[in-house]
Each structure stands twice: as structure tokens, then as C-alpha cells.
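# Fold and geometry: a report
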Amino acid sequence: MSELDRYALIRLNRMIEKVTKAYEAYEFHVVYQTIHHFCAVEMSSFYLDVIKDRLYAGAPQDAARKASQTVLYAALTAITKLISPILPHTADEVWKYIPGVEFSSVQIAELPEVDTSLYKEQLENKWNEFLGIRDEVLKALEEARKEKVIGNSLSAAVHLYPNEQTYNMLQQLDQLDQLFIVSAVQVHKPGTEVPQGAYQAKGAAIIVDVAEGEKCERCWIVSTEVGKSKEHPTLCVRCDEVITAHYHE
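Note that the structure is predicted; figures quoted are calculated from it, not measured. (Residues numbered from 1 in each chain as written. Predicted model: local features only at pLDDT ≥ 70, side-chain atom pairs only at ≥ 80, totals over all residues. Heavy atoms only, no water.)

Within the secondary structure, Asp53 is located in helix H2 (residues 28-57). A residue is classified by how much of its surface remains accessible, and Asp53, at 18% relative accessible area, is buried. A polar contact of 2.9 Å, which involves the side chain of Asp53, links it to the side chain of Arg238. If sequence neighbours within four positions are ignored, Asp53 has contacts with Gly58, Cys219, Ile221 and Arg238. (Helix = DSSP H or I, 4+ residues; strand = E, 2+ residues; numbered from the N terminus. Buried < 20%, exposed > 50% of the residue type's maximum accessible area, 1.4 Å probe, protein only. Polar contact = N/O pair within 3.5 Å; in protein donor to acceptor, adjacent residues only side chain to side chain. Contact = heavy atoms within 4.5 Å.)

Quick look at the sheet that holds strand E4 (residues 204-210) now. The mixed open sheet is built from four strands, whose spatial order is E2-E1-E4-E3. Strand pairing shows two members of the sheet lacking a second neighbour, strand E2 (184-187) and strand E3 (199-201), which therefore form its edges. On average, each strand axis in the sheet is tilted by 25° relative to the strand beside it, whichever way the strands run. Pairing between E3 and E4: three bridges, direction antiparallel. Directly across from Gln200, in E4, lies its bridge partner Ala205. (Pairing = 2+ DSSP bridges. Axes fitted to C-alpha atoms, helices over the stretch in contact; angles between N-to-C directions.)

Within soluble globular proteins, side chains that are nonpolar generally end up buried alongside one another. Core analysis: the biggest nonpolar cluster contains 56 residues, and Trp127 and Phe130 have the highest contact counts within it. Per element, the largest residue contribution to this core is 11 residues, and it comes from helix H1 (residues 3-24). In contact with Phe130, other than residues within four places in its own chain, are Phe46, Met169, Leu170, Leu173, Leu176, Leu179 and Phe180. (Core = buried A, V, L, I, M, F, W, Y, C linked by side-chain atoms within 4.5 Å.)

Another aspect to go through is unusual backbone geometry. Although it is not a glycine, Lys148 adopts a positive phi angle of roughly 65°. Phi angles above zero are rare outside glycine, and Gln175 is one such case at about 55°. Topologically, Gln175 is positioned in the loop between helix H6 (164-170) and helix H7 (176-180).

Here Pro99 shows up in the loop between helix H4 (88-95) and helix H5 (121-146). Owing to a relative accessible area of 57%, Pro99 belongs among the exposed residues under this scheme. On a C-alpha basis, the gap between Pro99 and Val210 in space is 43 Å, while along the polypeptide they are 111 residues apart.

Keep in mind these numbers describe shape, not what the thing actually does.
Written out as C-alpha cells, the structure reads:
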């Protein structure tokens, strides 16, 4: 699994741990708030948003896609079990559609157990720090949208002018374009002159520009590689390979 998938599993287990303690203390409002926050913020606003591309556009047996599906399955089964004491009918309805479950009803299943072996403090701290700069990039993208510089985020290329600490953190992460859900990212070394009009954020200055290239009609990513395939001239290289492999199976 990638660090992103491992981080998602850490956050899932943190949620399980907090909800279990809340049940033991009969603090049902904490149960609700914790599960809702995990679903709406940690999953929907971040993890699910990032992995849409690999789920929709990746090859069926792609390792990154399978890893994400593994995380989603773990989250689905855990959340369904955790809501079963307070939303029994809803939980039972969901349970019917989960493949491979051991019991006919979620009410027979035990609550999920916390896997503390997944906890890696250094990894968690790094990704928590990244989420801070990601929030700033999203704000800069929203400003660029309002000013009609870009349409959706996939039409954007992001230039980051970070301080030393943020630069060192970003150097440890791959595929920043996917994490920011844009078509291109360039991280400039600390000390590089920042262009006028940059969005000033904590840890970095940000420039949002229009991405170079054409829009792939399958994944919507803007790339200079679109049009290189004679067989599929409207696709990027990745999508061309996926489609070609599918028809040759």
C-alpha cells in the first residue's frame, strides 16, 4: 500500500478507537460526531476525493486501485458495525450489500477491533502536516476559479514556493498532482523569487496557472501527452494503455 492508503487506515483505526471508548462511556453523541466527521471530512473531503481517479480511470487490476478498494472495504465494514447499535435497520440494509461478510446480519458481528500495529506516528504527523498545505492549495484554487483563471481544478497547474520545512515535507511525497487533484505541480526550492500576485499561505506561496496540453476525454487530466496515440488521439498515455490492454484481454 502507498503511504496515502496506510494513512487512511491509521485514521480509520483512530476513529474506531474513539467510537469504542464513547460506547463504553455511553457517550452516544460522541459516537455520532466521530463517525460523521470521519465520513464527511477525512474520507469524503480527502481520501475519496484523491482516489477517484485511480478507481474510475485506472486498470481493473492496477495495484494502487486494488489497495484503495482494500481500504474502502475495511472502512465500510467497520463503519457498518459501529453504527449498528444506534442505526440497526440502516446497518442491516447496508450489510446485505457487502460481499464476503461472515454473518447474515451485522447484529451478530462483533464491533471492529483497533489494530494498533498500523499506528506510525512519523507517517501520521507528516500527512497531517501535508493536509495543512493542501487546504491552502484548495483555497488558492478557489480564488483562481472566482477570478476565472481556471475552470475546474484539473485545468490547473500549481506552483509552490515553500519555506524550508514545507519543502522538505513535500519532497517526501509522490504524485502531488493527484493529491491536489490538479494536472501539474511544480515545487520550487526555498529562496526562489516568488512572482507577484501569489497566494500567500502558511508555509508556502502559491501560484495557480492554466495547465499546458489538452484535456483527456476519459480522465479529464490536462496533459501534453494527449494526442500521442494514433489509435486513441483524444486520450492521455495512461488511459490509452488501460483501454488498449482491456481490448487485448
